[in-house]
Amino acid sequence: MKKVNLFIVGAMRCGTTSFSEMLNSHQDIYVPPIKEPHYFSDPLPKAFLDRSRFFSVSGYFKNTFPRPLHSAQIFEEKYYKKLYSLATHQKYLVDASTSYLHEPGAAERIKEYNPSAKIIILTRDPLERAFSHYRMDVGLGRTKKSFSYHLEREYELYQNNDLAWYSYIHMSSYKKPVGHYEALFENVKIIAIEDLKTNLSKEIEEVSAFLKIPHFENSQFKKLNGGSIPRTLLIYYLKRLGLKDIFSPIIPENFKKKLLKHLNSSNSRIPKLSAKLERRILDIFESQ
């Protein structure tokens, strides 16, 4: 089987889901049923990837493959290969795991697996990315504290060189991880999500040239996988109790979407930060 040769390595909350969906519309590109297999990352913490207690990779491949699944972590080579077993003539096989940009060692593992792979990195305004990341965590029941609280706490950890790679601040810092990929691979392309939104045709032409494939037809960059914040803390506690894992599989998808839309707020405006805190955080983004 041909090796995976196109990696969309992140960054998280920078439109990788929408971008992968667009790539999948091209006849020369194969995006697998699990968009983010995280095969080349060490075991991911629950703060980054927290699957249902009822989920298992072996069970997925035995019972429901190739049903689309946004993310899971695959450790066994046989499952990683099976993930791409339905590919046929496509020139590119895609792995769009957003942990790869910042997870220590992922870039080296990809290099060892396929040194000629092409790398695409999506970026976004760092503060907006961090807030989108935070909104996702609130929506998943991972926190109920304020955005400012987390940034203050992360700044203290950063000062003590004790900040986790999957933190809001680190995952919005692109300079060093992007440079690391550029040093390891010959073919690396950086795309800002803002450019995809404002000048899609130009960016898609550049992607086609980078991949040396025919132009995309009727390409669209749709907003997918948007974050949301519950209107009430009741949702937070229900998720923390694990009730989502129990009822989610038996509730129709359309009903779930309508229910979540009613219970969640779509407000994506970044809350006001103190001038001092904002300056500190922006300084880190500029240096890292």
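Preceding this paragraph is the structure being described.
Residues numbered from 1 in each chain as written. Predicted model: local features only at pLDDT ≥ 70, side-chain atom pairs only at ≥ 80, totals over all residues. Heavy atoms only, no water.

A. Structural detail: the overall build of the chain. Secondary structure assignment for the chain yields 13 helices and nine strands. Residues counted as buried form 49% of the 288 residues belonging to the chain. Long-range contacts, defined here as pairs at least 24 residues apart, represent 80% of the contacts in the chain between residues at least 6 apart. Summed over its atoms, the accessible surface of the chain is roughly 15,400 Å², and 51% of this surface lies on carbon and sulfur atoms. (Helix = DSSP H or I, 4+ residues; strand = E, 2+ residues; numbered from the N terminus. Buried < 20%, exposed > 50% of the residue type's maximum accessible area, 1.4 Å probe, protein only. Contact = heavy atoms within 4.5 Å. Areas by Shrake-Rupley, 256 points an atom, 1.4 Å probe, with all protein chains shown as cover.)

B. Local environment of the sheet that holds strand β6 (residues 118–123). Here five strands make up an open sheet; going across it, the order is β2-β5-β1-β6-β7 and the pairing parallel. Bordering the open sheet on either side are β2 (29–30) and β7 (188–192), each of which pairs with just one other strand. As paired elements, β2 and strand β5 (residues 92–95) share two bridges and run parallel to each other. Residue pairing across strands places Ile29 opposite Tyr92, the latter belonging to β5. Of the strands in this sheet, β1 (6–8), β2, β5, β6 and β7 are in contact with helix α9 (residues 200–211), which crosses β7 at around 170°. (Pairing = 2+ DSSP bridges. Axes fitted to C-alpha atoms, helices over the stretch in contact; angles between N-to-C directions.)

C. Spatial organisation of the packing of aromatic side chains. Scanning all chains against the criterion turns up 23 aromatic pairs. Both rings, one in Phe131 and one in Tyr134, keep their centres 5.9 Å apart while their planes meet at 25°; by these two values the pair is stacked. Taken together, the residues span about one helical turn, with Phe131 and Tyr134 both in helix α5 (residues 126–139) at a distance of three residues. Accessibility expressed as a relative area gives 8% for Tyr134, which makes it buried. Each ring, one from Tyr134 and one from Tyr168, has its centre 6.2 Å from the other, and the planes form 85°; the classification is edge-to-face. A residue pair is termed long-range when its members are at least 10 positions apart, and Tyr134 in helix α5 and Tyr168 in the loop between α6 (147–159) and α7 (175–184) qualify at 34 residues. (Phe/Tyr/Trp six-rings, centres within 6.5 Å; stacked < 30°, edge-to-face > 60°.)

D. How the structure looks around α6. With 13 residues, α6 ought to run about 18 Å at 1.5 Å a step, and its terminal C-alpha atoms sit 18 Å apart, in line with that. Of the positions making up α6, those classed as buried are Phe147, His150, Leu151, Glu154, Tyr155, Leu157 and Tyr158. Relative to the axis of α6, the buried residues are bounded by an arc of 165° and lie together on one face. Structurally, α6 contributes buried residues whose contacts are with α5 and α13 (275–287). Looking at the residues trailing α6, positive phi occurs at Asn161, about 55°. (Expected span 1.5 Å × (residues − 1). Arc of directions from axis to C-beta.)

E. The arrangement of the packing of helix α4 (residues 106–113) against α7 in detail. It is at 10 Å that the axes of α4 and α7 come closest, and there the two elements cross at 20°. By the angle class used here, α4 and α7 are roughly parallel. In this structure, α4 meets α7 at a crossing whose hand is right-handed. Across from Ala106, Ala107, Glu108, Ile110 and Lys111 in α4, the residues of α7 making contact are His180, Tyr181 and Leu184. (Parallel < 35°, antiparallel > 145°, perpendicular 65-115°, else oblique. Left-handed = near helix turned anticlockwise from the far one by under 90°.)

F. Spotlight on the environment of Asn5. Position of Asn5 among the secondary structure elements: in the segment before β1. Sequence spacing of Asn5 and Ala117 is 112 residues, and the spatial spacing of their C-alpha atoms is 4.4 Å. Discounting chain neighbours no more than four positions away, the residues touching Asn5 are Lys91, Tyr92, Leu93, Asn114, Ala117 and Lys118.

G. How the structure looks around the environment of Ile284. Counting through the fold element by element, Ile284 comes out in helix α13. Taking the C-alpha atoms as reference points, Ile284 and His170, 114 residues apart in sequence, are found 8.8 Å from one another.

H. Highlighting the nonpolar core. Counting residues in hydrophobic clusters, the biggest one holds 58 residues, and the most contacted among them are Phe7, Phe19 and Tyr181. Looking at this core, the element that brings in the most residues is α9, giving five residues. Once residues lying within four places of it in the same chain are set aside, the contact partners of Phe19 are Ile8, Ile120, Leu122, Ile191, Leu196, Val207 and Phe221. Formed by 18 residues, the second largest nonpolar core is a distinct cluster that contains Ala130, Tyr134, Leu151 and Tyr168. (Core = buried A, V, L, I, M, F, W, Y, C linked by side-chain atoms within 4.5 Å.)

This is a description of form; function is not addressed.
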